[in-house]
Every structure is written in structure tokens, then in C-alpha cells.
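Architecture and fold: a report
Here's the letter readout for the chains.
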Amino acid sequence: MNEEFLLQYLKDNCPGRKNTRKSAVIERALNISGNEVRRLVNRLRKKGKPIGSSKDGYFYAVTAGEIYATIRQLEITKKGLEAAIHGLESALDDCPTDGE
């Protein structure tokens with residue numbers, strides 16, 4: 001599936017946060033996996049397409065506020081991932097190196 005098909009689906013069926021669709025609904029509608037939905041959303045966002053998301057799913061953002069809310073959510077996710085990386089790096093101190 002290409003990104004443009006997902007983009008058109010979101011534009012037609014999910015305009016604005018009030019029309020958020022869970023990933024499972026999108027997966028069934030487009031006959032793709034959750035991993036594929038996330039991959040395509042990531043590609044679209046990298047191309048500057050306003051794909052919003054929340055804990056409730058995905059939508060085509062139609063206001064700056066909806067885009068900013070998604071950015072804030074992604075920043076929180078980023079901080080959580082950075083903390084997990086830091087924790088794992090700290091765990092390396094207590095691990096033997098490979099081959100020991």
C-alpha cells in the first residue's frame with residue numbers, strides 16, 4: 001500500500017480530532033497491519049502531511065492546535081524513549097562484555 005492511499009482515507013474519513021479512528025479500524029478498512037499503518041503514518045509525517053494522533057487513534061489534522069497536540073504527544077514519547085535508553089546504558093555497567 002502506498003502512503004497516498006492512507007492519506008486519502010484519513011482526509012475522507014478522519015478530518016479533525018473529532019473523527020479519530022483507532023488503528024484497528026484503519027487496519028480493517030485498508031486491509032493492512034498495525035505496523036504498516038505506523039510505517040505509513042511516519043512516512044507521511046516526514047513529508048509534511050498533517051497526520052494527527054492521540055491515545056484514541058489517528059486523524060487528518062485540520063487545525064494548528066491539532067498538529068501542536070500531536071507534536072506534544074510525540075515529544076513525551078521521545079522523552080520516554082530517551083529515559084529507557086539511558087536506563088539500558090546504565091545497565092551496561094553491570095554486564096560482562098561479550099565473550100567473558
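The rules behind each value
Residues numbered from 1 in each chain as written. Predicted model: local features only at pLDDT ≥ 70, side-chain atom pairs only at ≥ 80, totals over all residues. Heavy atoms only, no water. Helix = DSSP H or I, 4+ residues; strand = E, 2+ residues; numbered from the N terminus. Buried < 20%, exposed > 50% of the residue type's maximum accessible area, 1.4 Å probe, protein only. Contact = heavy atoms within 4.5 Å. Core = buried A, V, L, I, M, F, W, Y, C linked by side-chain atoms within 4.5 Å. Pairing = 2+ DSSP bridges. Patch = residues over 30% accessible without salt bridge, like charges linked within 9 Å, V, L, I, M, F, W, Y side chains within 5 Å. Areas by Shrake-Rupley, 256 points an atom, 1.4 Å probe, with all protein chains shown as cover. Salt bridge = Lys/Arg side-chain N within 4 Å of Asp/Glu carboxyl O.

Moving on, we get to the side chain of Ser23. Relative to the elements of secondary structure, Ser23 occurs in helix H2 (residues 23-30). A residue is classified by how much of its surface remains accessible, and Ser23, at 17% relative accessible area, is buried. For Ser23, the contacting residues outside a window of four places in its chain are Gly34, Val37 and Tyr58.

This paragraph deals with the nonpolar core. Among the nonpolar cores identified, the biggest contains 17 residues, and Leu6, Leu10, Ile26, Ile51 and Tyr58 are the most heavily contacted of them. Listed by contribution, the elements that provide at least two residues to this core are helix H1 (3-13), H2, helix H3 (34-46) and strand E2 (57-60). Every residue in contact with Ile26, bar those within four places of it in the chain, is listed here: Leu6, Tyr9, Leu10, Arg21, Asn31, Val37 and Tyr58.

Right, let's get into the pairing of E2. In the sheet, strand E1 (residues 51-54) pairs with E2 via four bridges, with the strands oriented antiparallel. Residue pairing for E2: Gly52 is matched across the bridge by Phe59.

A cluster of nonpolar side chains, Ile67, Tyr68 and Ile71, forms an exposed patch at the surface whose accessible area comes to about 290 Å². Position of Ile67 among the secondary structure elements: in helix H4 (residues 64-91).

Within the secondary structure layout, Asn42 lies in helix H3. Sequence-wise, Asn42 and Glu3 are 39 residues apart; in three dimensions their C-alpha atoms are separated by 9.6 Å.

Here we take up the pairing of E1. Every regular strand shows the same layout, with side chains that alternate between the two sheet faces. Across the two faces of E1 the burial is the same, with Ile51 and Ser53 and Gly52 and Ser54 all buried. Hairpin connection from E1 to E2: two residues lie between these consecutive antiparallel strands.

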